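Working through the structure, step by step
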Amino acid sequence: MNTATTNIISPRRLGIAFGLTAVVFRLGCLLTLSVVPHEKAVAFFNSLLHGVDIGPILRANIRLTEELLGIVSIFVLGWFAGAMIAGFYNLAARIGRG
């Protein structure tokens, strides 16, 4: 195996992995809000955010179009984050070799 290519990460593939991971987390939040009572959901999400009270801003009734837009948006942001991480990693690997 060529050592010059083993340290390269595909920005497209890592972006897709990050994007899909973000979508899974978003769907997990959606599932949590749909099966858990509002008070329990607030307590759960507050514990994730280390004491930040999200009760006043947590909405349980979200329109389908709004949720679909959120899923697409979180995928795009996750893809962009993954692609940037891979790009920065590849750049640092290239600089380190030089």
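Given the structure is predicted, the values throughout are model-derived calculations rather than measurements. (Residues numbered from 1 in each chain as written. Predicted model: local features only at pLDDT ≥ 70, side-chain atom pairs only at ≥ 80, totals over all residues. Heavy atoms only, no water.)

Focus on the overall build of the chain
Scanning the chain for helices and strands turns up four helices and zero strands. What you see in the chain, going N to C, is helices and strands ordered as α-α-α-α. Relative to its length of 98 residues, the chain is extended, with a C-alpha radius of gyration of 19 Å against a globular reference of 13 Å. Judged by the C-alpha coordinates and their principal axes, the chain covers about 55 × 30 × 20 Å. For the chain, the accessible area works out to roughly 7200 Å², and carbon and sulfur atoms hold 71% of it. A distance of 21 Å separates the average location of the 8 positive side-chain charges in the chain from that of its 4 negative side-chain charges. (Helix = DSSP H or I, 4+ residues; strand = E, 2+ residues; numbered from the N terminus. Rg over C-alpha atoms; globule rule 2.2 N^0.38 Å. Areas by Shrake-Rupley, 256 points an atom, 1.4 Å probe, with all protein chains shown as cover. Lys, Arg positive; Asp, Glu negative; His and termini not counted. Charge placed at Lys NZ, Arg CZ, Asp CG, Glu CD.)

Here we look at helix 3 (residues 38-48)
Three or more residues of helix 3 are buried, namely Ala41, Val42, Phe45 and Asn46. For helix 3, the arc enclosing every buried residue in end-on projection is 130 degrees, short of the 170-degree limit, so these residues lie on one face. In helix 3, those exposed residues whose orientation departs by more than 90 degrees from the buried face are Glu39 and Lys40. Packed against the buried residues of helix 3 are helix 2 (11-35). (Buried < 20%, exposed > 50% of the residue type's maximum accessible area, 1.4 Å probe, protein only. Arc of directions from axis to C-beta. Contact = heavy atoms within 4.5 Å.)

Structural notes on the packing of aromatic side chains
Evaluation of the coordinates by the stated rule reveals one aromatic pair. Here the aromatic rings of phenylalanine 44 and phenylalanine 45 are separated by 5.1 Å at their centres, their planes lie at 65 degrees, and the arrangement is edge-to-face. Judged by relative accessible area, phenylalanine 44 falls into the partly exposed class, the value being 40%. Looking at phenylalanine 45, the relative accessible area reads 10%, which means it is buried. (Phe/Tyr/Trp six-rings, centres within 6.5 Å; stacked < 30°, edge-to-face > 60°.)

Regarding the side chain of glutamate 67
By the secondary structure assignment, glutamate 67 is in helix 4 (residues 64-97). A relative accessible area of 8% means that glutamate 67 is categorised as buried. Among residues more than four places away in sequence, those in contact with glutamate 67 are Arg26, Leu30 and Ile62.

Focus: the nonpolar core
Ranked by size, the top nonpolar core spans six residues in total: Leu33, Ala41, Val42, Phe45, Ile54 and Leu58. The dominant element in this core, judged by the number of residues it contributes, is helix 3, at three residues. (Core = buried A, V, L, I, M, F, W, Y, C linked by side-chain atoms within 4.5 Å.)

Shape is all these values report; function is a separate question.
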